[in-house]
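Take a look at the letters that make up each chain.
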Amino acid sequence: MTSTNCIFCMIVAGDIPAQKVLETENVIAFRDIAPKASVHVLVAPKVHVPNVAAAAREIPEILAEMATVAQQVADAECDGEFRWIFNTGPSAGQTVFHVHGHVMNGGSLGWDA
Ligand code: AMP
């Protein structure tokens with residue numbers, strides 16, 4: 001399940017480069033191209049699902065795998081502690097409509113992070 005013109009599907013396919021930090025059978029984690037904290041990694045499923053509620057409905061096991069990957073990234077990069085943000089909808093700041101959790105820590109993490 002991929003979506004044409006989806007930048008994260010292109011990263012999953014290897015069609016555009018990304019700084020990958022972790023990969024499992026169903027999940028990929030890569031550094032945000034415009035980091036807003038010293039640790040800022042995006043965790044996404046390889047299949048195209050638009051947002052976190054759709055992921056909970058359609059791929060609940062993979063959403064759980066995403067949580068495990070997020071924890072592994074934080075274990076490696078910031079003592080296992082992290083903020084995990086899912087912007088959902090344009091008015092909430094979502095710009096890429098392929099679900100991804102922002103794993104963040106370090107620096108000042110205001111609520112507008
Ligand atoms: P959101 O605004 O929650 O949809 O998050 C999308 C995130 O993807 C933003 O923080 C962007 O900086 C990031 N981003 C966009 N394109 C790329 C890319 N090619 N590689 C890594 N991160 C990207």
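The structure we're discussing is the one just above.
Attention here is on the structure that accompanies the text. (Residues numbered from 1 in each chain as written. Predicted model: local features only at pLDDT ≥ 70, side-chain atom pairs only at ≥ 80, totals over all residues. Heavy atoms only, no water.)

Attention now moves to the packing of aromatic side chains. Inspection of the entire model under this criterion finds two aromatic pairs. Here F8 and F30 contribute two aromatic rings whose centre-to-centre distance is 5.1 Å and whose plane-to-plane angle is 80 degrees, an arrangement assigned as edge-to-face. One end of the pair, F8, is in helix α1 (residues 7-13); the other, F30, is in strand β2 (residues 27-31), and 22 residues separate them in sequence. Of the two residues, F8 and F30, both sit in the buried class. Considering the side-chain rings of W84 and F86, the 4.7 Å spacing of their centres and the 65 degrees angle between planes classify their relative orientation as edge-to-face. For W84, a relative accessible area of 27% translates into the label partly exposed. (Phe/Tyr/Trp six-rings, centres within 6.5 Å; stacked < 30°, edge-to-face > 60°. Helix = DSSP H or I, 4+ residues; strand = E, 2+ residues; numbered from the N terminus. Buried < 20%, exposed > 50% of the residue type's maximum accessible area, 1.4 Å probe, protein only.)

One open sheet accounts for five strands, arranged β1-β2-β3-β5-β4; its pairing is antiparallel. Each edge of the open sheet is held by one strand with a lone partner, namely β1 (20-23) and β4 (83-85). Pairwise comparison of adjacent strand axes, ignoring direction, gives a mean angle of 20 degrees for this sheet. Relative to strand β5 (residues 101-105), strand β3 (residues 39-45) runs antiparallel, the two sharing five bridges. (Pairing = 2+ DSSP bridges. Axes fitted to C-alpha atoms, helices over the stretch in contact; angles between N-to-C directions.)

What follows covers the environment of T24. Along the polypeptide, T24 turns up in the loop between β1 and β2. Polar contacts involving the side chain of T24 include one to the side chain of E65, which spans 2.7 Å. (Polar contact = N/O pair within 3.5 Å; in protein donor to acceptor, adjacent residues only side chain to side chain.)

This part covers the pairing of β1. The pairing of β1 with β2 spans three bridges and is antiparallel. Within β2, the residue paired with L22 across the bridge is A29.

Bringing the site of the ligand into the picture now. Neighbouring residues of the ligand: 16 residues in total, closest D32, N87, G93, T95 and H102. Between the ligand and the protein, one listed contact pairs an oxygen atom with a side-chain N or O atom of N87 at 2.9 Å. H102 has a polar side-chain atom sitting 2.8 Å from an oxygen atom of the ligand. Calculation on the ligand without its partners gives an accessible area of 510 Å², and the protein chains cover 86% of this total. The cavity where the ligand resides is the largest pocket. For the shell around the ligand, the secondary structure elements donating two or more residues are α1 and β2. By residue class, the composition of the shell around the ligand is eight nonpolar, six polar and two charged. (Near = heavy atom within 4 Å. Areas by Shrake-Rupley, 256 points an atom, 1.4 Å probe, with all protein chains shown as cover. 1 Å grid on protein atoms, 1.4 Å probe; cavity = no way out; pocket = protein on both sides within 12 Å on 5 of 7 lines; lining within 4 Å. Sits in = over half its atoms within 2 Å of the grid points. Nonpolar A, V, L, I, M, F, W, Y, C, P; charged D, E, K, R; others polar.)

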